[in-house]
Amino acid sequence: MPNVTYPVKTRELNNHHFDSTIWNDFQFRDDDIIVSTNAKSGTTWTQQIIAQMMYGGDPDLPVAELSPWLDLRIPPKEVKLPEVEAQTHRRVIKTHLPVDALVFSPRAKYVYIARDGRDVVWSMYNHHLNANAAWYAALNDTPGLVGPPIGPPPADVLVYFQDWLERDGYPFWSFWENIRTWWEIRELENVFLLHFNSLKQDMPGEMRKLAAFLEIPIDESRWDSIVDYCSFEWMKANATKSVPLGGAFWDGGAETFINKGTNGRWKDMLSPEASRAYEAKAVSELGEECALWLATGVRAA
């Protein structure tokens, strides 16, 4: 495309989870697919959808192995990069980085999934609360940690939410800059925005759109099985195939990682004042159009 300006990496992002420097040495291929979210927004679900469409519906597909989280700092890039380079299939790479900490390729196709921040926090709290000693050891004790270690969450999810809102994504990473940087490049022809709400409302329809964007030919005789293997119920029952390390980092295993897959759990707990504070923050950080999309999945015409 003539006269198209693509994003340029301007910084590194390193913490208990991230090592963004791995992207500096990553060798892109023309058909690479990059799946991105802030976190707890449907990442694993989307990886499952893409992989099942690519492979024509395979109940034994090891999606977590096929689709690694590249910028997770463990294992180190010296181990991870050769493994990714050795993949001979069409690669599906996961990232949780904002655009300005990512090497962006015009050759790759990017799928970004968003979810209302209140739903993200409630899902993140379950993820964090059920993390076991191995999770903390991997993130905090593996050599190369930049910044403070991550500690256990408070006993009260409302305190967790307030900390997250006041400290922008604490104790993980900035929520608003992640959403904002991906929203800013939404018009690029190799970027596809997806929303958790849309997947919940019409998963087969969203899958069709995604397949068209990624140019994945669908075997229609396998379509019903493909859709079935992407349902939340099937993924929960077969979670070890799609969850990193088969869920070894969480008490309760992979089924804990794939939690409820529902929205609105915060509505019975969050005060109207706290909810309004979140909504005002969303508008101030993102603008009204993006804030509306983040809350609902609806994009203004």
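Residues numbered from 1 in each chain as written. Predicted model: local features only at pLDDT ≥ 70, side-chain atom pairs only at ≥ 80, totals over all residues. Heavy atoms only, no water.

### A look at the nonpolar core
Now for step 1: In terms of nonpolar packing, the biggest core is built from 63 residues, with W23, Y110, W135 and F161 touching the most fellow members.
Now for step 2: One finds I49, I50, M53 and F213 within the second-largest nonpolar core, a separate group that totals 28 residues. (Core = buried A, V, L, I, M, F, W, Y, C linked by side-chain atoms within 4.5 Å. Buried < 20%, exposed > 50% of the residue type's maximum accessible area, 1.4 Å probe, protein only.)

### Description of the environment of D228
Now for step 1: Its location among the elements puts D228 in helix α10 (residues 223-229).
Now for step 2: As for D228 and P7, which are separated by 221 residues in sequence, their C-alpha atoms are 36 Å apart. (Helix = DSSP H or I, 4+ residues; strand = E, 2+ residues; numbered from the N terminus.)

### Notes on the pairing of strand β3 (residues 109-114)
Two faces belong to every sheet, and in a regular strand the side chains alternate between them.
Now for step 1: Summarising burial for β3: six of the six residues are buried, a large majority.
Now for step 2: Side-chain alternation along β3 places K109, V111 and I113 on one buried face and Y110, Y112 and A114 on a second face that is also buried.
Now for step 3: For β3 and strand β4 (residues 191-195), the ladder comprises five bridges, and the chain directions are parallel. Each residue of the ladder has a partner; that of Y112, found in β4, is L193. (Pairing = 2+ DSSP bridges.)

### Here's the deal with helix α6 (residues 157-166)
Now for step 1: What α6 keeps buried is the set V157, Y160, F161, W164 and L165. An end-on view of α6 places all buried positions within 130 degrees of arc, on one side of the element.
Now for step 2: If you follow the buried residues of α6, they end up packed against α4 (117-129), α7 (176-183) and α13 (272-286).
Now for step 3: Residue D156 occupies the N-cap position of α6, its side-chain oxygen lying 2.8 Å from the main-chain nitrogen of L158.
Now for step 4: Note on α6: the residue one or two positions beyond its end, D168, has a positive phi of about 50 degrees. (Arc of directions from axis to C-beta. Contact = heavy atoms within 4.5 Å. Polar contact = N/O pair within 3.5 Å; in protein donor to acceptor, adjacent residues only side chain to side chain.)

### Focus: the pattern of salt bridges
Now for step 1: Enumeration over the complete set of coordinates arrives at 17 salt bridges.
Now for step 2: Of the charged contacts in the structure, one is a salt bridge between K109 and E215, with a shortest N-O distance of 3.1 Å. Residue K109 is located in strand β3, and its partner E215 is located in the loop between α9 (203-214) and α10; the two are separated by 106 residues in the primary sequence.
Now for step 3: A residue is classified by how much of its surface remains accessible, and K109, at 17% relative accessible area, is buried.
Now for step 4: The class for E215 is exposed, based on a relative accessible area of 61%. (Salt bridge = Lys/Arg side-chain N within 4 Å of Asp/Glu carboxyl O.)

### Description of the side chain of K94
Now for step 1: Mapped onto the secondary structure, K94 falls in strand β2 (residues 92-95).
Now for step 2: The side chain of K94 sits in the buried core without any salt bridge; D71 is the nearest counter-charge, 8.3 Å away.
Now for step 3: Apart from the residues within four sequence positions on either side, K94 is in contact with V35, T43, Q47, S67, P68, W69, L70 and D71. (Lys, Arg positive; Asp, Glu negative; His and termini not counted.)

### Remarks on the packing of aromatic side chains
Now for step 1: Applying the stated rule across the entire model yields 24 aromatic pairs.
Now for step 2: Each ring, one from F18 and one from W173, has its centre 4.4 Å from the other, and the planes form 35 degrees; the classification is tilted. On the criterion of sequence distance, the pair formed by F18 in the segment before β1 (33-36) and W173 in the loop between α6 and α7 is long-range, its members being 155 residues apart.
Now for step 3: Its relative accessible area of 1% is what places F18 among the buried residues.
Now for step 4: Relative to W173, the ring of W69 lies with its centre 6.4 Å away and its plane at 70 degrees, an arrangement referred to as edge-to-face. One end of the pair, W69, is in the loop between α2 (63-66) and α3 (77-85); the other, W173, is in the loop between α6 and α7, with 104 residues separating them in the sequence.
Now for step 5: A relative accessible area of 15% places W69 in the buried class.
Now for step 6: For W173, a relative accessible area of 9% gives the class buried.
Now for step 7: Grouping aromatic residues by their ring pairs yields a cluster made of W122, F161, W164, F175, W176 and Y278.
Now for step 8: The ring of W223 carries the charged tip of R208 above its face, separated from the ring centre by 3.9 Å. (Phe/Tyr/Trp six-rings, centres within 6.5 Å; stacked < 30°, edge-to-face > 60°. Lys NZ or Arg CZ within 6 Å of the ring centre and 35° of its normal.)

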